Amino acid sequence: MKPLRPGNASHYRGRFAPSPSGLLHFGSLIAALASYLDAKHNNGQWLLRIEDIDPPRERAGASSEILNTLEGYGLHWDENVLYQSQQSEIYRQVLAELTEQKLSYYCRCTRAQIKAQGGIYQGQCKNLTHPASNSATRVSNTVGISRYNDLIQGQVNCSPELAHEDFIVVRKDGLFAYQLAVVVDDIYQGITHVIRGCDLLEPTARQLSFYQILQCNAPKFGHFPLAVSKPGFKLSKQNSAPEIDKKNPIPSLFSALVFLGQQPPDDLLTANVDELLTWAINHWSMAQVPKAQEIVL
Ligand code: GLU
C-alpha cells in the first residue's frame, strides 16, 4: 500500500482514540489511563486521536471538552492531536488501492437480509463492482484471522465465521467505517501498542486481517476488562454514563488504578495529580491488570 508507511517504529508509540459522541466517563478514563501508563512506563510516546468520522453521532463541543478533561487529569499527549475528520484523503487513497487490487466490492445487502442469514454476511455481492445507489463497500477478507495473542487476555479465539466475513469499509451513508479508519490511522501514526477495552476483542481479529491485507505490520494489542454497570451493560457515552469530575481528578484516577489492579497506596488520595501519575507510571504492571473481560462496578 503506497500511501502508508508500514508500521515499523522501533520505539513504543501508544494512543488513546476517543469518539466525540459524549464526554469522558469512568470507562473512557480507564482506557486513557491504561494506554498512557503502559506507554510512559515503557518510555514511549502517547498520542491522542479524535475519532470524529461519524458526524451524526457526534456531540457538539465534545472534542474540545475531552482535550480539556485529559489536560486536567494530567494526561498530556505527545505530538499534535490527529482528527479522523481530516484523514479522508488518505482513507480514499487506501480504498483506491484496494479497488485496484480487486480487494473491495460494493454491497447492497440490508441489515435485515444479513440477519435472516444468521447475522454473518455470506458474500452474495462479491461480483458487484459498480456502485449502485445505497451500497456499502466491503473488503475481500482473504486472511480471516480468528485467533491472536493478547498482552492481557492471553490467547483470544473469535468466531471463525465472523473472522472470515468480508467487512464493511465504507458505510451505505458514504461515511468511512471504523475498521478502515482505525487501522489506517494506527499505521499512519506508527502505533506499536494498542491498549483498550475488551469490547474490541473481536474487532481486533478483523483489524489484524486488515493489516495483512494492507501488507503492514500490526501493533501489539492488550485488552483490559470493561467497566459495566451490570453484566453485559458497558458504561458508555451512548447510555449516558456520568462524566468524570473535571475539577477533582484524584478520586477518579485512584479508582481507575484500583480497577486496573495496580494497588495504589492510600496516601495517593491526598497527593496531587503529578505525584499520583508519577507513582502510577513507575509502578505500572500489565501483569496485575485483571484478565476478566468485564468487571461490574
Ligand atoms: N473510538 C473508539 C471508542 O471510543 C475506540 C477505538 C479504539 O480504541 O480502537 O470506543
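Residues numbered from 1 in each chain as written. Predicted model: local features only at pLDDT ≥ 70, side-chain atom pairs only at ≥ 80, totals over all residues. Heavy atoms only, no water.

## A short note on the nonpolar core
The following threshold applies: Put simply, buried Ala, Val, Leu, Ile, Met, Phe, Trp, Tyr and Cys residues joined by side-chain atoms within 4.5 Å make one nonpolar core. We call a residue buried when its accessible area falls under 20% of the maximum for its residue type, exposed when it is over 50%, and partly exposed in between, using a 1.4 Å probe and counting protein chains only. Elements are defined by DSSP. Helices are runs of H or I of four residues or more, strands are runs of E of two residues or more, and each kind is numbered from the N terminus. Two residues form a contact once any of their heavy atoms are found within 4.5 Å.
One finds Leu33, Trp46, Leu70, Leu75, Phe224 and Leu260 to be the most contacted residues of the largest nonpolar core, which totals 48 residues. Top element by residues in this core is helix α1 (residues 26-41). It accounts for 10 residues. Those residues in contact with Leu260 that lie beyond four places of it in its chain are Ile30, Leu33, Ala34, Phe224, Trp284, Gln288, Val289 and Pro290. Of all hydrophobic cores here, the second largest spans 35 residues; its members include Ile53, Val94, Ala181 and Cys198.

## Considerations on the site of the ligand
So the rule is basically this: Proximity is defined per residue: if any heavy atom of the residue lies within 4 Å of a molecule or strand, that residue is considered near it. Each accessible area is a Shrake-Rupley estimate made with a 1.4 Å probe; only the visible protein chains count as cover when residues are assessed.
Taken together, Arg15, Ala17, Pro18, Ser19, Glu51, Tyr178, Val182, Arg196 and Leu200 are the residues near the ligand. Relative to its unbound accessible area of 300 Å², the ligand is 79% covered by the protein chains.

## Describing helix α9 (residues 273-283)
We count it as follows: Throughout this description, a polar contact denotes any pair of N or O atoms lying within 3.5 Å of each other; where both atoms belong to protein, one of them has to be capable of donating a hydrogen while the other can accept it, and for residues adjacent in sequence the pair is counted only when both atoms sit in side chains.
When we look at burial in α9, the residues that qualify are Val273, Leu276, Leu277, Trp279, Ala280 and Ile281. The N-terminus of α9 is capped by Asn272, whose side-chain oxygen sits 3.2 Å from the backbone nitrogen of Asp274.

## Things to note about the sheet that holds strand β11 (residues 226-230)
The cut-off we apply is this: Two strands qualify as a pair provided that DSSP identifies no fewer than 2 bridges between them.
Ordered by their spatial adjacency, three strands build an open sheet running β12-β11-β13, and the pairing between neighbours is mixed. The strands lining the two open edges of the sheet, one partner per strand, are β12 (233-234) and β13 (294-296).

## Things to note about the side chain of Asp150
Rules: Under the convention used here, Asp and Glu are negative, Lys and Arg are positive, and both His and the chain ends fall outside the count. Only one rule defines a salt bridge in this text: a Lys or Arg side-chain nitrogen within 4 Å of an Asp or Glu carboxyl oxygen.
Tracing the backbone shows Asp150 in strand β6 (residues 147-150). Buried charge Asp150 goes without a salt bridge, the closest partner of opposite sign being Arg196 at 7.5 Å. Polar side-chain contacts of Asp150 include one of 2.9 Å to the backbone nitrogen of Ile152.

## Quick look at the pattern of salt bridges
Under the defined criterion, the tally for this structure stands at 13 salt bridges. Notably, a salt bridge pairs Asp54 with Arg57, separated by 3.6 Å at the nearest N-O pair. Residue classification places Asp54 among the buried positions, given a relative accessible area of 14%. For Arg57, a relative accessible area of 47% puts it in the partly exposed group. When salt bridges that share partners are traced, they join Arg15, Arg49, Glu51 and Asp186 into one network.

## Side note on helix α2 (residues 62-72)
Heads up, the rule is: The arc in question is the one traced by the directions running from the helix axis out to the C-beta atoms.
Those residues of α2 that fall on the buried side of the exposure criterion are Ala62, Ser63, Ile66, Leu67, Thr69 and Leu70. Projected onto a plane normal to the axis of α2, the buried residues spread over an arc of 165° and lie on a single side. Contacts made by the buried residues of α2 are with β1 (13-16), α1, β2 (45-50) and β3 (82-83).

## Quick notes on the sheet that holds strand β8 (residues 168-170)
Test applied: Angles here are taken between N-to-C directions and fall from 0 to 180 degrees, while the axes themselves are lines fitted to C-alpha atoms, restricted in helices to the stretch in contact.
Here we have three strands laid out as an open sheet, ordered β4-β5-β8, and antiparallel in their pairing. Each having just a single partner strand, β4 (104-107) and β8 make up the two edges of the open sheet. When the angles between neighbouring strand axes are averaged without regard to direction, this sheet yields 45°. Note: β4 against strand β5 (residues 136-139), four bridges, orientation antiparallel. What sits directly across from Tyr105, in β5, is Arg138.

## What about the state of the cysteines?
The test is simple: For this text, the term disulfide refers to a pair of cysteine sulfurs within 2.5 Å.
Counted under the stated rule, the structure contains zero disulfides. For the unlinked cysteine Cys107, the closest cysteine sulfur is that of Cys125, found at 3.8 Å. Lacking any disulfide linkage, Cys109 is separated from the closest cysteine sulfur, that of Cys125, by 3.7 Å.

## Some remarks on the packing of helix α6 (residues 178-188) against helix α7 (residues 201-213)
The criterion, for reference: Just so you know how the angles are binned, under 35 degrees is roughly parallel, over 145 roughly antiparallel, 65 to 115 roughly perpendicular, and the rest oblique. Crossings are classed by handedness, with left-handed meaning an anticlockwise turn of the near helix from the far one by less than a right angle and right-handed meaning a clockwise turn. Polar here means any residue outside two lists: the nonpolar Ala, Val, Leu, Ile, Met, Phe, Trp, Tyr, Cys and Pro, and the charged Asp, Glu, Lys and Arg; Gly therefore counts as polar.
Relative to each other, α6 and α7 sit at 60°, their axes nearing to 10 Å. Between α6 and α7, the angle is such that the two are oblique. Seen from above, α6 lies across α7 with right-handed handedness. Between α6, through Tyr178, Gln179, Leu180, Val182, Val183, Asp186 and Ile187, and α7, the contact on the second element is made entirely by Pro203, Arg206, Gln207, Phe210 and Tyr211. Partitioning the contact of α6 with α7 into residue classes produces eight nonpolar, two polar and two charged.

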